[in-house]
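Topology and contacts: notes
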Amino acid sequence: MVSFNPQDLTTGILHGYLLSAVAPRPIAFASTIDAQGNPNLSPFSFFNVFSANPPILIFSPARRVRDNTTKHTLENVEITKEVVINVVNYDMVHQASLSSTEYPEGVNEFEKAGLTMLPSDKVKPFRVAESPIQLECKVNDIVHLGTEGGAGNLVICEVVKLHISEEVLNDDKTINQEALDLVARAGGSYYSRAKKGFFEIPKPLATKGIGVDNMPEHVRNSMILTGNNLGMLGNVDALPTKDEVNQFVENISERYPDIKTASHREKHKLARNYLSYGDVKSAWKLLLS
């Protein structure tokens, strides 16, 4: 075996080893608001449940490894002492990933990720309507584990109200795990689907995706494209140029002779097929044609 002392590794390398070794990890899709009431939404995989009486969840928005800055979520819970923890299932995982883009303060990640804000009953932060289980929480305490990059901050949350979609409940009101279809995080760009295993999503860190809110209306409001499709499309940092679109259409016109006169609906179906293979660039060129 190769052995290491943690102090002999850079924080970045140690961080990578730990995230790959302790996996898969459940995802806390944390919704908060700032002092002015602006909503914020971000996923965290340093997360679990620790008590049923009282009902306690803990998640950790760690200080950024690269520059030792803190995340908006941490700043918000320190001020408001409230958070909603939404679970992430497979149907919304690309949108959850897109929301982790480091947009500037005040940007609404609900809008960027194309998710719906649902008013909570007992706390001020909004719930994610697309999430099958939403947990309204008050923050009992925050334990700061350090002051350097990579240090965790344990946000100890007490659940004050649960919301569970009937679609994931059995007849006896227990949760059907297969219907819930949760996903979890692993190292690098890897995720794990509870009932099917590992898959990858490109991490939206190097660039800022355009977001669902900046898409053409016919794409944003498509009756064909799913939330995951929109999440994939919103993770690009720029749309293809008109010349690139025209060239693409010419290249596929032999295979799809009616493509130039196809309806939005027909193009959306074909774009969804490209997305199923991870070909986001071709999907965008088709949607903009």
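What counts and what doesn't
Residues numbered from 1 in each chain as written. Predicted model: local features only at pLDDT ≥ 70, side-chain atom pairs only at ≥ 80, totals over all residues. Heavy atoms only, no water. Pairing = 2+ DSSP bridges. Helix = DSSP H or I, 4+ residues; strand = E, 2+ residues; numbered from the N terminus. Axes fitted to C-alpha atoms, helices over the stretch in contact; angles between N-to-C directions. Salt bridge = Lys/Arg side-chain N within 4 Å of Asp/Glu carboxyl O. Buried < 20%, exposed > 50% of the residue type's maximum accessible area, 1.4 Å probe, protein only.

1. Here we look at the sheet that holds strand 4 (residues 47-52)
The strand order across the open sheet formed by 7 strands is 3-2-6-9-10-5-4, and the pairing between neighbours is antiparallel. On the outer flanks of this sheet lie strand 3 (39-44) and strand 4, each paired with one strand and no other. The average undirected angle you get between the axes of adjacent strands in this sheet is 30°. Two strands pair when backbone bridges link them, and strand 2 (residues 28-33) and strand 3 are joined in this way by 6 bridges, in the antiparallel orientation. Paired with S31 across the strands is L41, a residue of strand 3.

2. Side note on the sheet that holds strand 13 (residues 197-200)
Taken together, the 4 strands give an open sheet; going across it, the order is 1-11-12-13, and neighbouring strands pair in antiparallel fashion. Edge positions in the sheet fall to strand 1 (25-26) and strand 13, since each has one partner strand and no second.

3. Comments concerning the pattern of salt bridges
By the definition in use, this model includes 7 salt bridges. In this structure, R66 and E102 form a salt bridge, with 2.3 Å as the shortest nitrogen-oxygen distance. Remark: E102 occurs in the loop between helix 3 (93-99) and helix 4 (109-113) and R66 occurs in the loop between strand 5 (55-59) and helix 2 (72-80); sequence separation between them is 36 residues. D181 is the salt-bridge partner of R193, the closest N and O atoms lying 2.7 Å from each other. Separated by 12 residues along the polypeptide, R193 in strand 12 (residues 190-193) and D181 in the loop between helix 5 (177-180) and strand 11 (183-185) bring together distant segments of the chain. By relative accessible area, R193 is classed as buried at 14%. Take D181: its relative accessible area is 8%, and that puts it in the buried class.

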